[in-house]
Amino acid sequence: MSAPAEPAAAAPRPVGARADRTVAGRRRGAGKRFLVVGDVLDGVLVQTTAAEPGDHDPAAVIRHRPVGAAGNTATWLGWLGAEVDLVARVGVDDLYRHERAIEDAGVRPHIRYDARTATGAVVSVRNDTGRTAMSDPAASGSLTADDVPLDLVARADIVHLTGAAMLSGGAARITEFVARARSGPGRITLDPSSAAVVRDIGADAFLAAIDGVDVLFPGIDEALALTGATDLHRAVRALTEHVPLVVATAGPDGVVVGRAGRSPQRVPATPATVVDTLGAGDAFAAGFIRAWATDPVRVAAAAREGTRVAARALGFVGGRPPV
């Protein structure tokens, strides 16, 4: 049986530098309220020299971290000094631990618990040739639109939907989340989070389900899966027929921004020292929507802010800011 958690007390507002980060003398996101809905997971993050199954690496670096796209984006928003609420679902045994991690970043958690399902988990294995990730959605996969309080939606300037576990429940479930977000006055942003989710649901069904979304944040793989294009610029142009603003991330190649009726624009990545790529896209989304909420016209400037935050995230293991 699933049950909601008691409403969490408001987390204290960030103080010091984190409470007043400025760009060019202007505070981004000031006076705006953000609601992030999606995945909060447990992560087992492995850095290894093993190259194939059967290899034994006694010197592997293995870390346990709280992860999940929604948790990552919300904590970066909180670290940046934004006013942000997070809605997610975890197993009952992990409720306090995840609430504390969220609160430490200056975020108000509204985390439901599931008494019969464990917290969702990700195992990420990275070596010199790339990364392999395996996930079990568990409690995060049972999050529903009804878990999102209407009063939070009514107060939000931006509602951000993100997480492969949350979105993997099918097109109808995505439609319900978008409808819930549209019940309030805020703008809606969505990160598809996984090309595998897009392929499982089907590109046409996925695009129909996100009707009403204002900004789409696909990675390059999701953009190609959603359109069938072989080039990111063509994919972005095609996606602007469905969503007014498309911001596609391409790792070290930066970002491609697309708006209906305009040629796609590339924004370069901010140089970074890469420790771990996990969560960089979530950090980018946090930086972008915080800047875009203040000035929705200067999209390229918001994209540059997103790449700046992503560059910071690349320097930490696990995708969340240091708190």
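Our structure is the block above this text.
Here's what I pulled together on the structure shown here. Remember, predicted model here, so these are calculated numbers, not experimental data.

Topic: the overall build of the protein chain
When you go through the protein chain residue by residue, the secondary structure sums to 11 helices and 16 strands. Summarising its shape, the C-alpha atoms of the protein chain cover approximately 55 × 45 × 45 Å along the three principal directions. Long-range pairs, those at least 24 residues apart, make up 71% of the contacts in the protein chain with a sequence separation of at least 6. By element, 52% of the accessible surface of the protein chain is carried by carbon and sulfur atoms, the whole surface being about 13,800 Å². In the protein chain, 35 side chains carry a positive charge and 36 a negative one; their mean positions are 9 Å apart.

Points about the nonpolar core
Core analysis: the biggest nonpolar cluster contains 42 residues, and Val-247 and Phe-288 have the highest contact counts within it. Contributing elements (two or more residues each) for this core: β4 (33-38), α1 (69-79), β7 (83-91), α2 (95-103), β14 (245-249), β15 (255-259), α10 (280-294) and α11 (299-313). A per-element tally of this core places α10 first, with 8 residues. If sequence neighbours within four positions are ignored, Phe-288 has contacts with Val-215, Phe-217, Leu-245, Val-247, Val-299, Ala-302, Ala-303 and Gly-306. Within the second largest apolar cluster, 40 residues are counted, among which are Leu-152, Ile-174, Val-178 and Val-197.

A few points about the pairing of β14
The buried fraction of β14 amounts to 4 of the 5 residues, a majority that puts the element mostly inside the structure. Bridging between β14 and β15 involves 5 bridges; their strand directions are antiparallel. Opposite Val-247, over in β15, you have Val-257 as the bridge partner. Between the end of β14 and the start of β15, which pair antiparallel, lie 5 residues, with Gly-251 showing a positive phi angle near 60 degrees.

Things to note about the packing of aromatic side chains
Summed over the entire model, instances satisfying the criterion amount to 5 aromatic pairs. Here a set of aromatic residues connected by ring pairs shows up, and it is made of Phe-217, Phe-284, Phe-288 and Trp-292. In this structure, Arg-187 is placed above the aromatic ring of Trp-292, and the distance from its NZ or CZ to the ring centre is 4.2 Å.

Thoughts on the pattern of salt bridges
All told, the structure shown has 14 salt bridges when counted by the stated rule. A salt bridge links Glu-83 to Arg-33, with the nearest nitrogen and oxygen atoms 3.7 Å apart. Here the residue Glu-83 occupies a position in strand β7, and Arg-33 occupies one in strand β4, the gap between them amounting to 50 residues. Classification of Glu-83 by relative accessible area gives partly exposed; the value is 28%. Notably, a salt bridge pairs Arg-97 with Asp-42, separated by 3.0 Å at the nearest N-O pair. Here the residue Arg-97 occupies a position in helix α2, and Asp-42 occupies one in strand β5 (residues 41-47), the gap between them amounting to 55 residues. Its relative accessible area of 40% is what places Arg-97 among the partly exposed residues. Salt bridges here are not isolated pairs; linked through shared partners, they connect Arg-33, Glu-83, Asp-85 and Arg-108.

Topic: the packing of helix α8 (residues 220-227) against helix α9 (residues 232-239)
Where α8 contacts α9, the two axes come as close as 9 Å, and the packing angle between them is 60 degrees. Accordingly, the angle class assigned to the pair α8 and α9 is oblique. Here α8 runs over α9; the crossing is left-handed. Only Leu-232, Ala-235, Ala-238 and Leu-239 of α9 make contact with α8, whose side of the interface consists of Ile-220, Ala-223, Leu-224, Leu-226 and Thr-227. Taken together, the residues of the contact of α8 with α9 sort by class into 8 nonpolar, 1 polar and no charged.

Some thoughts on the side chain of Arg-112
Its place among the elements puts Arg-112 in strand β8 (residues 108-114). Buried and unpaired, Arg-112 has Asp-147 as its nearest opposite-charge partner, separated by 4.4 Å. Engagement of the side chain of Arg-112 in a polar contact is seen with the backbone oxygen of Asp-147, the distance being 3.3 Å.

Focus: the sheet that holds strand β9 (residues 121-127)
Strand order across the open sheet formed by 4 strands is β6-β5-β9-β10, with mixed pairing between neighbours. Only two strands of the sheet have a single partner each, and these edge strands are β6 (61-67) and β10 (130-136). Strand-to-strand twist across the sheet, computed as the mean angle between neighbouring axes with direction ignored, equals 15 degrees. Across 7 bridges, β9 lies against β10 in antiparallel orientation. In the strand pairing of β10, Ser-124 is matched with Ala-133.

The rules we used
Position numbers for residues count from 1 along each chain, tracking the sequence in the order it is written. With pLDDT at 70 or above as the cut-off, local features in this predicted model cover only qualifying residues; side-chain atom pairs require 80 or more to be listed or tallied, and sums for whole chains, interfaces and linings still use all residues. Each side-chain value is worked out from all heavy atoms of the structure, with water and hydrogens disregarded. Secondary structure counts use DSSP, requiring at least four H or I residues in a row for a helix and at least two E residues in a row for a strand, with both numbered from the N terminus. By the convention used here, residues are in contact when the closest approach between their heavy atoms is within 4.5 Å. Computed by Shrake-Rupley with a 1.4 Å probe, the accessible areas treat only the displayed protein chains as cover when residues are assessed. This count recognises Lys and Arg as positive and Asp and Glu as negative, with His and chain-terminal groups excluded. Taken as the charge centre is NZ of Lys, CZ of Arg, CG of Asp or CD of Glu, depending on the residue. Think of a nonpolar core as a cluster: buried Ala, Val, Leu, Ile, Met, Phe, Trp, Tyr and Cys residues, connected wherever their side-chain atoms sit within 4.5 Å. Throughout, exposure labels follow a simple rule: accessible area from a 1.4 Å probe, protein chains only, divided by the maximum for the residue type, with under 20% read as buried, over 50% as exposed, and the rest as partly exposed. Think of it this way: DSSP has to see at least two bridges between two strands before they count as a pair. When the centres of two rings from Phe, Tyr and Trp lie within 6.5 Å, Trp using its six-membered ring, the rings pair. Their planes under 30 degrees apart give stacked, over 60 give edge-to-face, and anything left gives tilted. Any Lys NZ or Arg CZ that is within 6 Å of a ring centre and within 35 degrees of that ring's normal is treated as a charge sitting over the ring. Here, a salt bridge means any side-chain nitrogen of Lys or Arg that lies within 4 Å of a carboxyl oxygen of Asp or Glu. Axis definition: a line fitted to C-alpha atoms, limited for helices to the stretch in contact. Angles are taken between N-to-C directions and run from 0 to 180 degrees. Throughout this description, any angle smaller than 35 degrees is read as roughly parallel, any larger than 145 degrees as roughly antiparallel, any in the 65 to 115 degree range as roughly perpendicular, and the remainder as oblique. Here is the rule for handedness: rotate from the far helix to the near one, and if that takes an anticlockwise turn smaller than a right angle the crossing is left-handed, while a clockwise turn gives right-handed. Three classes are used: nonpolar for Ala, Val, Leu, Ile, Met, Phe, Trp, Tyr, Cys and Pro, charged for Asp, Glu, Lys and Arg, and polar for all others, with Gly counted as polar. Between N or O atoms, a polar contact is any pair within 3.5 Å; within protein, one atom must be a potential hydrogen donor and the other a potential acceptor, and residues adjacent in sequence are included only when both atoms are from side chains.

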